[in-house]
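The lines below spell out each chain.
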Amino acid sequence: MIHHASIPAHDPEHVTRVLAEVMHGAAYPFPGNIPGAFMAVSGDDHGTMIEVYPYATQALPGPDGGPVEPGLNAQPPAHWPFHLLLSVAAEEQEILAIAAREGWHARRYGRGAPGEPPMFEVIEFWIENSVMLELAPADLIGAYETLFRHPNLAEAGINPL
């Protein structure tokens, strides 16, 4: 289970507040060593949390085997190759309304092999139109959770390496 992840944002505090809204959680300042970072906390039993860092922040291994340290990426990409699937308390219409209010692209899409029926559906929620999160309200997550059990993957023709 993934309990938290970090994403970049041009306006980390604002993005954190929006994420907390779709999670039906709360926004907090990040207590770690990354200035200008915040965290959206769901408050669920799993400790689900998204850390939101200033856009050009990069994580670097600490010197001499020390813990991770922040650095600065002088040329961050316009679009990040990272994404995550996040179960959220908000329903689809609420998510789409929040994205519209923010001017961010959001739309429901099916996931699966090209030309085949979708195996599950998610809402692509593009943070600042740069970082994509797949959001799954309660009515969408069941198909994903059912598919990604080993016997069900095999039944779908997806076999281990």
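So, here is what we can say about the structure in this document.

**Details of the overall build of the protein**
From N to C terminus, the protein includes four helices and 10 strands. Of the regular secondary structure in the protein, the N- to C-terminal order runs β-α-β-β-β-β-β-β-α-β-β-β-α-α. Taking the principal axes of its C-alpha atoms as reference, the protein extends roughly 45 × 40 × 35 Å. Residue burial in the protein is summarised as follows: out of 161 residues, 37% are buried. Partitioning the intrachain contacts of the protein with sequence separation of at least 6 by distance along the chain shows that 50% fall at a separation of at least 24. Here the protein has roughly 9,400 Å² of accessible surface; of this, 57% comes from carbon and sulfur atoms.

**Focus: the nonpolar core**
By size, the foremost hydrophobic cluster in this structure holds 28 residues, and its most contacted members are I7, L19, V22, F125, I127 and L135. Of all the secondary structure elements, the ones that give two or more residues to this core are strand 1 (4-9), helix 1 (12-23), strand 4 (49-54), helix 2 (92-102), strand 9 (120-127) and strand 10 (131-136). Considering every element that reaches this core, the biggest residue donor is helix 1, with six residues. Counting residues in each nonpolar core, the second largest holds six residues, with F30, A37, M39 and Y53 among its members.

**Details of the sheet that holds strand 3 (residues 38-41)**
An order of 1-4-3-2 is seen for the four strands of this open sheet, with the pairing classed as mixed. Lying at the two open borders of the sheet, with one neighbouring strand each, are strand 1 and strand 2 (26-29). Averaged over all adjacent pairs, the angle separating strand axes in this sheet is 25°, with direction ignored. When strand 2 meets strand 3, the two strands line up antiparallel, connected through four bridges. The residue bridging Y28 from the neighbouring strand is M39, located in strand 3.

**A short note on the pairing of strand 3**
Regular strands place their side chains on alternate faces of the sheet. As judged from the four bridges shared by strand 3 and strand 4, these two strands associate in the antiparallel manner. What sits directly across from V41, in strand 4, is M49.

**Structural notes on the side chain of E92**
Assignment of secondary structure puts E92 in helix 2. Those residues within four positions of E92 in sequence are excluded, and the remaining contacts are R108, I123 and P137.

**Things to note about the packing of helix 1 against helix 2**
For any two helices packed against each other, one specifies the inter-axial angle together with the distance between the axes. Two numbers describe how helix 1 lies on helix 2: the axes approach to 10 Å, and their chain directions differ by 160°. As judged from the angle between their axes, helix 1 and helix 2 are roughly antiparallel. When you trace helix 1 past helix 2, the crossing you get is right-handed. Together, H14, V18, E21 and V22 of helix 1 and E94, I95, I98, R101 and E102 of helix 2 make up the contact between the two elements. Of the residues assigned to the contact of helix 1 with helix 2, the class counts are four nonpolar, one polar and four charged.

Basis of the calculations
Residues numbered from 1 in each chain as written. Predicted model: local features only at pLDDT ≥ 70, side-chain atom pairs only at ≥ 80, totals over all residues. Heavy atoms only, no water. Helix = DSSP H or I, 4+ residues; strand = E, 2+ residues; numbered from the N terminus. Buried < 20%, exposed > 50% of the residue type's maximum accessible area, 1.4 Å probe, protein only. Contact = heavy atoms within 4.5 Å. Areas by Shrake-Rupley, 256 points an atom, 1.4 Å probe, with all protein chains shown as cover. Core = buried A, V, L, I, M, F, W, Y, C linked by side-chain atoms within 4.5 Å. Pairing = 2+ DSSP bridges. Axes fitted to C-alpha atoms, helices over the stretch in contact; angles between N-to-C directions. Parallel < 35°, antiparallel > 145°, perpendicular 65-115°, else oblique. Left-handed = near helix turned anticlockwise from the far one by under 90°. Nonpolar A, V, L, I, M, F, W, Y, C, P; charged D, E, K, R; others polar.

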